[in-house]
Amino acid sequence: MSDYRIETKCIQSGWQPTKGEARILPIYQSTTFKYDTSEQMGDLFDLKASGYFYTRLQNPTNDYVAAKICDMEGGAAAMLTSSGQAANFYAVFNLAEAGDHIIISSALYGGTFNLLTTTVAKMGIETTVVDPEIPLEDLRKEFKPNTKCVLAESISNPSLVVLDFEKFAKAAHEAGVPLIVDNTFPTPVNCRPFEFGVDIVTHSTTKYMDGHAVSVGGCIVDSGNFDWTKYPDKFPGLCYPDESYHGTNYTEQFGKAAFIVKATATLMRDLGSIQSPQNAFYVNLGLETLHLRMQRHCENALKVAKWLKANENVAWVNYPGLEGDVYYERAKKYMPNGTCGVLTFGIKGGREASIKFMDALKLIAIVTHVADTRSCVLHPASHTHRQMTDEQLLEAGVKPDLIRFSVGIENVDDIIADLEQAFNCLK
Ligand SMILES: *Cc1c(COP(=O)(O)O)cnc(C)c1O
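Residues numbered from 1 in each chain as written. Predicted model: local features only at pLDDT ≥ 70, side-chain atom pairs only at ≥ 80, totals over all residues. Heavy atoms only, no water.

Surveying the vicinity of the ligand reveals 16 residues, the closest of which are Asn-157, Asp-182, Ser-204, Thr-206 and Lys-207. Here Asp-182 contributes a side-chain N or O atom positioned 2.6 Å from a nitrogen atom of the ligand. Note that an oxygen atom of the ligand is positioned 2.8 Å from one of the side-chain N or O atoms of Ser-204. Contact with the protein chains removes 93% of the 380 Å² of surface that the ligand exposes when unbound. Counting residues per element, the shell around the ligand draws most heavily on helix H4 (residues 84–93), at 3 residues. Counted by class, the shell around the ligand contains 3 nonpolar, 10 polar and 3 charged residues. (Near = heavy atom within 4 Å. Polar contact = N/O pair within 3.5 Å; in protein donor to acceptor, adjacent residues only side chain to side chain. Areas by Shrake-Rupley, 256 points an atom, 1.4 Å probe, with all protein chains shown as cover. Helix = DSSP H or I, 4+ residues; strand = E, 2+ residues; numbered from the N terminus. Nonpolar A, V, L, I, M, F, W, Y, C, P; charged D, E, K, R; others polar.)

Structure (structure tokens):
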């Protein structure tokens, strides 16, 4: 499958029916799977044979969808999780434990920032937060002997920072740790981080992949490129026998799939953040049109960004696809076919005018969501990021007057007309 272009992979990768099997990916709506002998079942528990036994760990519907996303990203192995939060948590916790240290970009989705600064701190993992524009020499200095990974977003939500992939990959690899990138916003249709040295990719499939706002989910894809066995003492969980799993040595037994097998065999087993097969089915449907939708999201967002930029009520516009944007050149380099459908802007008159403007919108809804077919807006300072102090907000690149606008795939003239009538209400 891997030689096909991304549009073909969106549709054809994953489920491969043969001989009278369902044309469309079946939903294996079953908690458990039957075997004929106790030995067959025993081999599964010993990871000697691969197969399904209980849906808390693995389900075929999920695995076919994970295989599709894996192929789209150009990875070696992948798994679905119940949410994007679970994906980022598992990706980190599969490597770091109490006493370890991680480095994250300050430009992250609020939920991820909270998870990786507050909640993992309670588990004894120390986090250093760096500005994504930190010079390479300074980034190098943040690594410690117990640093286990670096995490950033390819296009950050909502600050729309386009990651300097090569800088982060270089610093991480020099220090002998993998770079994890949350690729939710551009999706593999517009950006494939493994091509720029990223080792592990995560997704909130809740966003463009599902694309219709019907199911919460996540995904982890491993490139298979990071050689854990070069640093066995840094990654003992991957390189030494796992006593909690009959002495399994993941790198020896599973090679490029070691990271994903370990996350499934231990984290999924113990923490159980599995995606429901029904939701995986919806994600798969969404993936089939992802390439069409991303193209229209980007076209519409660019037109809206240009229109806003020229509007007298608007103080500023950020959109990495817009010429003149600070990240325009970098976006051209890493995602030449487009970025995403999300843009941000501020209205003259600040916070109050922004709220008044949003309340006047008719077609464009105020919802805590991004990246589905419908246009929607959110004011992070009073919604998603409200737990953050003003200082943290600015550190995360979120101005207090920032409106996050997820441009949908409606007719762009209708979207612009709605903006126009809402601006007229400010007069
Ligand atoms: C929404 C989002 C998440 C969290 O995903 P959920 O599916 O809501 O748990 C993580 N990263 C990014 C970039 C997101 O936009």
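After presenting the structure, the write-up continues.
Time to look at the nonpolar core. In terms of nonpolar packing, the biggest core is built from 104 residues, with Phe-165, Ile-220, Trp-228, Leu-238 and Leu-290 touching the most fellow members. The dominant element in this core, judged by the number of residues it contributes, is helix H11 (residues 258–271), at 8 residues. For this core, the two domains that each supply at least three residues are domain 1 (22–285) and domain 2 (292–424). Setting aside its immediate chain neighbours within four residues, Phe-165 contacts Ser-154, Leu-179, Val-181, Cys-191, Pro-193, Phe-196, Val-198, Tyr-334 and Met-335. Among the nonpolar cores identified, the runner-up in size contains 28 residues, and Val-304, Phe-357, Val-412 and Ile-415 belong to it. (Core = buried A, V, L, I, M, F, W, Y, C linked by side-chain atoms within 4.5 Å. Buried < 20%, exposed > 50% of the residue type's maximum accessible area, 1.4 Å probe, protein only. Domains from an automatic or database assignment. Contact = heavy atoms within 4.5 Å.)

A full pass over the atoms with the stated rule returns 13 salt bridges. A salt bridge links Arg-192 to Glu-195, with the nearest nitrogen and oxygen atoms 3.2 Å apart. A single network of salt bridges, built from pairs that share partners, joins Arg-140, Lys-170 and Glu-174. (Salt bridge = Lys/Arg side-chain N within 4 Å of Asp/Glu carboxyl O.)

Moving on to the packing of aromatic side chains. Inspection of every chain in the model, using the stated rule, returns 18 aromatic pairs. Where Phe-45 meets Phe-53, the ring centres are 4.3 Å apart and the plane angle is 35°; that geometry is what we call tilted. Aromatic pair Phe-196 and Tyr-334: ring centres 4.7 Å apart, planes at 70°, arrangement edge-to-face. Taken as a pair, Phe-196 in the loop between helix H8 (187–190) and strand S6 (200–204) and Tyr-334 in helix H14 (residues 328–334) lie far apart in primary sequence, 138 residues in all. Aromatic ring contacts, followed pair by pair, group Phe-226, Trp-228, Tyr-231, Phe-235 and Phe-259 into a single cluster. Against the face of Tyr-109 rests Lys-207, its NZ or CZ located 5.0 Å from the ring centre. Lying across the ring of Trp-316, Lys-399 places its NZ or CZ 3.9 Å from the centre. (Phe/Tyr/Trp six-rings, centres within 6.5 Å; stacked < 30°, edge-to-face > 60°. Lys NZ or Arg CZ within 6 Å of the ring centre and 35° of its normal.)

Often the size quoted for an interface is simply the accessible area lost on bringing the parts together. When its domains are assigned, the protein resolves into domain 1 (22–285) and domain 2 (292–424). On a C-alpha basis, the centroid separation for the pair domain 1 and domain 2 is 29 Å. Each partner contributes residues to the interface: domain 1 has 36 residues there, and domain 2 has 37 residues. In this assembly, domain 1 packs against domain 2 so that about 3000 Å² is buried in total across both faces, 61% of it on carbon and sulfur atoms. Three residues stand out in domain 1 for area buried against domain 2, namely Leu-160, Asn-190 and Tyr-208, and they jointly supply 25% of the buried area on that side. In this structure, the connection of domain 1 to domain 2 is made through 2 salt bridges. Scanning the region where domain 1 abuts domain 2 turns up 12 residue pairs in polar contact (both at pLDDT 80 or more). The residue inventory of the side of domain 1 that touches domain 2, partitioned by class, reads 20 nonpolar, 11 polar and 5 charged. (Buried area = accessible area lost by both parts, 1.4 Å probe.)

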